[in-house]
Amino acid sequence: MDEGLDDIAIAGCQGIDAEDLDSEQVTVVNIFIDTSYSMFTHVDHVITEYNRCLDSLCKSKDPNSNQNPSADGNRSILIALWSFSSINGQNNCRMIHDFTPAPDCKHISRHDIPIDGSTPLFEAAKRCMRELFVYGRHLEDNGAQVKHIAVVISDGGRKSNI
């Protein structure tokens, strides 16, 4: 897909195949959660709000339909979820799940986002955007109309890249 991506990034860009989409219009959402030490006091709030956001996305109206979402939710929203931190100068970017239809995504817990290291905020934001657009381009090349949403959740503390 893109020569500038490492193996982990390529895995994150894969997601659901374009031919398996239920609609022509899709929204791809790439979420990166800061798991550095400074997030320790915020982690429960981040988990709660991510899970609420996921529930809302599942219940949102499908832009390809005049009806409310089906019982299994809005499948035109694809979400990828990552955690990021930096330990001893090494960026630790961990995929929790690749681009997956919102109703198939699971709620997260403390187990999913272990706290460690410092915050490579610039690198995480750059990676989030790059992977979002690479996957979106793949879907567009296969006929989908794509909206992109990039989300980086951080307190901005303990930055390792400044």
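Everything here concerns the structure above.
Only a predicted model underlies this, so the values are computations on that prediction, with no experimental measurement involved.

A. Main features of the sheet that holds strand 1 (residues 25-34). Here four strands make up an open sheet; going across it, the order is 3-2-1-4 and the pairing mixed. Strands at the two margins of the open sheet, each flanked by one partner only, are strand 3 (90-101) and strand 4 (145-153). Adjacent strand axes in the sheet meet at a mean angle of 15 degrees when their direction is disregarded. Here strand 1 pairs with strand 2 (residues 77-87) via eight bridges, running parallel. Note that in strand 2 the partner of Ile 33 across the bridge is Ser 83. Packing against the sheet, helix 2 (residues 43-59) makes contact with strand 1, strand 2, strand 3 and strand 4, and its axis sits at approximately 165 degrees to strand 2. Together, strand 1, strand 2, strand 3 and strand 4 form the strand contacts of helix 3 (residues 121-141), whose direction differs from that of strand 4 by roughly 165 degrees.

B. Up close: the nonpolar core. The biggest cluster of nonpolar side chains holds 17 residues, and the ones touching the most others in it are Ile 31, Ile 33, Tyr 50, Leu 54, Ile 79 and Ile 108. Put simply, the parts of the chain that give this core at least two residues each are strand 1, helix 2 and strand 2. Looking at this core element by element, the count peaks at six residues for helix 2. Setting aside residues up to four positions removed in sequence, Ile 33 forms contacts with Val 46, Leu 81, Trp 82, Ser 83, Phe 84, Ile 108, Ile 113 and Ile 153. Listed in part, the 16 residues of the second largest apolar core include Val 28, Trp 82, Phe 84 and Phe 99.

C. Looking closely at the packing of aromatic side chains. Applying the stated criterion across every chain, the model contains three aromatic pairs. Measuring from centroid to centroid gives 4.3 Å for Phe 99 and Tyr 135, while their planes differ by 10 degrees, and the two rings are stacked. On the criterion of sequence distance, the pair formed by Phe 99 in strand 3 and Tyr 135 in helix 3 is long-range, its members being 36 residues apart. Taken together, the ring pairs in this structure connect Phe 32, Trp 82 and Phe 84 into an aromatic cluster. Looking at Arg 110, its charged tip hangs above the ring of Phe 40, at a distance of 5.5 Å from the centre.

D. A look at the layout of surface pockets. There is about 170 Å³ of room inside the largest pocket. Around the largest pocket, the lining comprises twelve residues; the ones closest to its centre are Asn 91, Glu 123, Ala 124, Arg 127 and Arg 130. Taken together, the elements giving at least two residues each to the lining of the largest pocket come down to strand 2, strand 3 and helix 3. A per-element tally of the lining of the largest pocket places helix 3 first, with five residues. Here the residues of the lining of the largest pocket sort into four nonpolar, three polar and five charged.

E. Molecular detail of the side chain of Ser 83. Within the fold, Ser 83 resides in strand 2. Other than its neighbours up to four places away in sequence, Ser 83 contacts Ile 33, Thr 35, Asn 92, Cys 93, Arg 94, Ile 96 and Ile 113.

F. Structural view of the pairing of strand 1. For strand 1, the tally of buried residues reaches nine of ten residues, placing the bulk of the element in the interior. Both strand 1 and strand 4 contribute to a ladder of nine bridges, which runs parallel. Bridge pairing in strand 4 links Asn 30 to Ala 150.

G. Quick peek at the side chain of Asp 112. Tracing the sequence through the fold places Asp 112 in the loop between strand 3 and helix 3. The buried charged residue Asp 112 lacks any salt bridge, with Arg 94 as its nearest oppositely charged partner at 5.7 Å. Polar side-chain contacts of Asp 112 include one of 2.8 Å to the backbone nitrogen of Ser 109. Ignoring anything within four residues of it in the chain, the contact list for Asp 112 reads Arg 94, Ile 96 and His 107.

Analysis parameters
Residues numbered from 1 in each chain as written. Predicted model: local features only at pLDDT ≥ 70, side-chain atom pairs only at ≥ 80, totals over all residues. Heavy atoms only, no water. Pairing = 2+ DSSP bridges. Helix = DSSP H or I, 4+ residues; strand = E, 2+ residues; numbered from the N terminus. Axes fitted to C-alpha atoms, helices over the stretch in contact; angles between N-to-C directions. Contact = heavy atoms within 4.5 Å. Core = buried A, V, L, I, M, F, W, Y, C linked by side-chain atoms within 4.5 Å. Buried < 20%, exposed > 50% of the residue type's maximum accessible area, 1.4 Å probe, protein only. Phe/Tyr/Trp six-rings, centres within 6.5 Å; stacked < 30°, edge-to-face > 60°. Lys NZ or Arg CZ within 6 Å of the ring centre and 35° of its normal. 1 Å grid on protein atoms, 1.4 Å probe; cavity = no way out; pocket = protein on both sides within 12 Å on 5 of 7 lines; lining within 4 Å. Points joined across faces, edges and corners; volume = space filled by probe spheres on them. Nonpolar A, V, L, I, M, F, W, Y, C, P; charged D, E, K, R; others polar. Lys, Arg positive; Asp, Glu negative; His and termini not counted. Salt bridge = Lys/Arg side-chain N within 4 Å of Asp/Glu carboxyl O. Polar contact = N/O pair within 3.5 Å; in protein donor to acceptor, adjacent residues only side chain to side chain.

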